[in-house]
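# A look at the structure
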Amino acid sequence: MLIKQLSIFLENKRERFTEVSKILGEAGVNMSAFTVAENSDFGILRLIVSDVDKALEVLREKLYAVNVTEVICLQCPNQPGALAKAMEIITAAGIFVEYMYAFSQGEVAHIVIRPDDVQRCAEVLKANKLELIAASDLYKL
């Protein structure tokens, strides 16, 4: 249930995201989920793609600084309190969440989580009957 996520370091200048999306599109790599964090000098584009190896290859060819990290994707009801329940379980287990981002589709929400201990977080959530989505299923959304 662990998902490989790319983190791409981008200069804060015009058209950088356009370039990345074009490179991936031309390589046939689909972006399933992404978020951008920025400061005054650079941004970090975090994304989940359909083909991690191909994305790494084409981005590194174009001299982008790219890292791969593991994340989990929690699937829960898209309703008030659902995320709070999951976060209480994570917090009670002593797991720190470095960052997360989410998207929803109708009645279902998908929360991508980067905890300090990915494997333990996945185990804790599954033990509490919360549903994690596999990378292959996330790519289909």
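See above for the structure.
Residues numbered from 1 in each chain as written. Predicted model: local features only at pLDDT ≥ 70, side-chain atom pairs only at ≥ 80, totals over all residues. Heavy atoms only, no water.

### Things to note about helix 1 (residues 16-26)
Under the convention used in this document: The buried label goes to any residue with under 20% of its type's maximum accessible area, the exposed label to any with over 50%, and the partly exposed label to all in between, with areas taken from a 1.4 Å probe on protein chains only. Helix and strand definitions follow DSSP, with helices as H or I runs of at least four residues and strands as E runs of at least two, each counted in order from the N terminus. In this description, the arc belongs to the directions extending from the helix axis to the C-beta atoms. Any two residues whose heavy atoms approach within 4.5 Å at even a single point are treated as in contact.
Every buried residue of helix 1 is listed here: R16, V20, I23 and L24. For helix 1, the angular spread of buried residues about the axis comes to 95°, placing them on one side. Exposed residues lying more than 90 degrees from the buried face of helix 1 are T18, K22 and E26. Elements in contact with the buried residues of helix 1: strand 1 (3-11), strand 2 (31-38), strand 3 (42-49) and helix 2 (52-61). Looking at the residues trailing helix 1, positive phi occurs at G28, about 80°.

### Overview of the packing of helix 1 against helix 2
Note the following rule: Only C-alpha atoms enter the line fits that serve as axes; for helices the fit covers just the stretch in contact. Angles between N-to-C directions range over 0 to 180 degrees. Each angle gets one of four labels, with under 35 degrees taken as roughly parallel, over 145 as roughly antiparallel, 65 to 115 as roughly perpendicular, and the rest as oblique. Each crossing gets its hand from how the near helix is turned against the far one by less than a right angle, where anticlockwise is left-handed and clockwise is right-handed. Classification used: nonpolar for Ala, Val, Leu, Ile, Met, Phe, Trp, Tyr, Cys and Pro, charged for Asp, Glu, Lys and Arg, polar for all others including Gly.
Across the interface, helix 1 lies against helix 2 with an axial gap of 10 Å and an inter-helix angle of 125°. Relative to helix 2, helix 1 is oriented oblique. Remark: the crossing between helix 1 and helix 2 carries right-handed chirality. Residues V20, I23 and L24 of helix 1 touch helix 2, and the partners they reach there are A55, V58 and L59. Partitioned by chemical class, the residues of the contact of helix 1 with helix 2 number six nonpolar, no polar and no charged.

### Topic: the pairing of strand 5 (residues 97-105)
How we decide: Think of it this way: DSSP has to see at least two bridges between two strands before they count as a pair.
Sheet topology note: the strand 5/strand 6 (residues 108-115) ladder contains eight bridges and is antiparallel. Note that in strand 6 the partner of A102 across the bridge is I111. Taken together, strand 5 and the strand that follows it, strand 6, pair antiparallel across an intervening segment of two residues, in which G106 is found at a positive phi of about 60°.

### Focus: the pattern of salt bridges
Which entries qualify depends on this criterion: Counted as salt bridges are all cases of a side-chain nitrogen of Lys or Arg within 4 Å of a carboxyl oxygen of Asp or Glu.
Counted by the stated rule, this structure contains three salt bridges. The residue R16 makes a salt bridge to E11 at a minimum N-O spacing of 3.8 Å. For R16, a relative accessible area of 15% puts it in the buried group. E11 sits in the partly exposed class, given a relative accessible area of 44%. Note that R16 and E19 form a salt bridge whose closest N and O atoms lie 3.0 Å from each other. One end of the pair is R16 and the other is E19, both in helix 1 and three residues apart, which spans about a single turn. Connected via shared salt-bridge partners are E11, R16 and E19.

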